[in-house]
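Each chain, written out:
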Amino acid sequence: MFENLSERLDSAIKQLKGEGRINEINIATTVKEIRRALVDADVNYKIAKEFTDKVKEKATGEKVITSVSPGQLMVKIVKDELAELMGGKEVELDFSTKPTIILIAGLQGSGKTTFSGKLANFLKNKKSLRPLLVAADIYRPAAMDQLQVLGEQVKVPVFAEPENKNAVSIVQNAIAHAKANGNNVIIIDTAGRLAVDEVMMREVADIKAAINPQEILFVVDSMTGQDAVNTAKAFNDRLDFTGVVLTKLDGDTRGGAALSIRYVVDKPIKFVSMGEKLDTLDVFYPERMAQRILG
Ligand code: GDP
């Protein structure tokens, strides 16, 4: 993950290592390389430009000028800015209302159902909660079966009503079921389409309006780069979601989605999913991710 970006940033900053001091000329060269590296990692040019303008401003600041190690300073500045770009501090799920309702939305194939299973596993094992998984995809019976299988694997009950073709009603029944059975967190896997469409958006918006979830997590495949960012914007405009889940970070992703989603939608990335195994889910820590990128 991010190998290319890491290498490019590293080599951009390495140029400074032979320099005795940081100065306007070597800052300008380095910053230009950093900007190119970000654009090649699929970060939108405007975001990359704003990013490097900030780096430049910090680097030319008085404190830095007197420094003896330009390379290390540049690493620190870029690392801090990367963490900031990805949201700064981590943001946890909101469990202030019980049962906590978490609505999962995203395109088909983004990894929604897999993530629902992972999240159930995470909440059961790491937060000692009693989750209920809800299959609210009324279009694809296979999605319902897939959730049942995942539920069995993580030993979390799954609520499904295969005959019911009304997603809002399934979800309402599921909430009543959870309350009656002592489930204190409800994870709702909704239907996804291959592209953003009005029917899908209306359905998720209707579910949201009917149940008022504490969390709406938008799941997106990080391998899709700028498309991921555009889809996030479309979902956020309609749903005003509470957080982003980046999936397939174990793949050959260039990094653009992870780096720019926060900037574009102003919502935190809450989890990253890094594989098909059910325990490969991590809370997203912007600082650790920045550290990883800069090695
Ligand atoms: P949904 O249509 O959004 O529910 O997507 P699925 O959960 O069915 O996932 C689509 C495909 O992506 C499946 O083959 C999953 O095994 C795979 N997948 C999901 N999450 C990850 C991940 O984090 N990493 C990798 N490598 N594959 C994933």
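Remember, it's a predicted structure, so these values are computed and weren't measured experimentally. (Residues numbered from 1 in each chain as written. Predicted model: local features only at pLDDT ≥ 70, side-chain atom pairs only at ≥ 80, totals over all residues. Heavy atoms only, no water.)

**What to know about the overall build of the protein chain**
Scanning the protein chain from N- to C-terminus turns up twelve helices and eight strands. For the protein chain, the spread of C-alpha atoms along the principal axes amounts to about 70 × 40 × 30 Å. Among the 295 residues that make up the protein chain, the fraction classed as buried is 53%. A separation threshold of at least 6 residues defines the contact pool for the protein chain, and within that pool the share at least 24 residues apart is 77%. Accessible surface for the protein chain amounts to roughly 13400 Å². Of this, 49% is attributable to carbon and sulfur atoms. (Helix = DSSP H or I, 4+ residues; strand = E, 2+ residues; numbered from the N terminus. Buried < 20%, exposed > 50% of the residue type's maximum accessible area, 1.4 Å probe, protein only. Contact = heavy atoms within 4.5 Å. Areas by Shrake-Rupley, 256 points an atom, 1.4 Å probe, with all protein chains shown as cover.)

**Re unusual backbone geometry**
Of the consecutive residues Lys 98 and Pro 99, the connecting peptide bond is found in the cis state with omega at -5°. Following the sequence through the fold, Pro 99 ends up in the loop between helix H5 (70-85) and strand S1 (100-106). Of note in the backbone geometry, Asp 240 takes a positive phi value of approximately 50° without being a glycine. Structurally, Asp 240 can be placed in the loop between helix H10 (225-239) and strand S6 (243-247). Since its relative accessible area comes to 47%, Asp 240 is described here as partly exposed.

**A few points about the side chain of Thr 113**
With respect to the helices, strands and loops of the structure, Thr 113 is situated in helix H6 (residues 112-126). On the basis of relative accessibility, which here comes to 6%, the residue Thr 113 falls in the buried class. Setting aside residues no more than four positions away along its own chain, Thr 113 makes contact with Ala 143, Gln 146, Leu 147, Leu 150 and Asp 189.

**As for the pattern of salt bridges**
Applying the stated criterion to the full structure yields 18 salt bridges. In this structure, Arg 8 engages Asp 40 in a salt bridge whose closest nitrogen and oxygen atoms are separated by 2.8 Å. With Arg 8 in helix H1 (residues 3-14) and Asp 40 in helix H2 (residues 24-40), this pair connects stretches of sequence that are 32 residues apart. Glu 92 serves as the salt-bridge partner of Lys 127, at 3.6 Å between the closest nitrogen and oxygen. Highlighted residues: Lys 127 in the loop between H6 and strand S2 (131-136) and Glu 92 in the loop between H5 and S1, separated in sequence by 35 residues. On the basis of relative accessibility, which here comes to 53%, the residue Glu 92 falls in the exposed class. Each of Glu 198, Arg 202 and Arg 238 takes part in a single network of salt bridges with overlapping partners. (Salt bridge = Lys/Arg side-chain N within 4 Å of Asp/Glu carboxyl O.)

**A short note on the UniProt feature "domain: SRP54-type proteins GTP-binding" (unreviewed entry) in the protein chain**
Taken from the UniProt record, the annotation "domain: SRP54-type proteins GTP-binding" (unreviewed entry) applies to residues 268-281. A helix fraction of 0% and a strand fraction of 43% characterise residues 268-281, whose end C-alpha atoms lie 16 Å from each other. (UniProt positions renumbered as here; feature names shortened; annotations may be inferred.)

**Considering the confidence of the model for the protein chain**
With 98% of its residues at a pLDDT of at least 70, the protein chain reaches an overall mean of 93. Confidence metrics for the complex model read pTM 0.95 and ipTM 0.99. (pLDDT = per-residue confidence, 0-100.)

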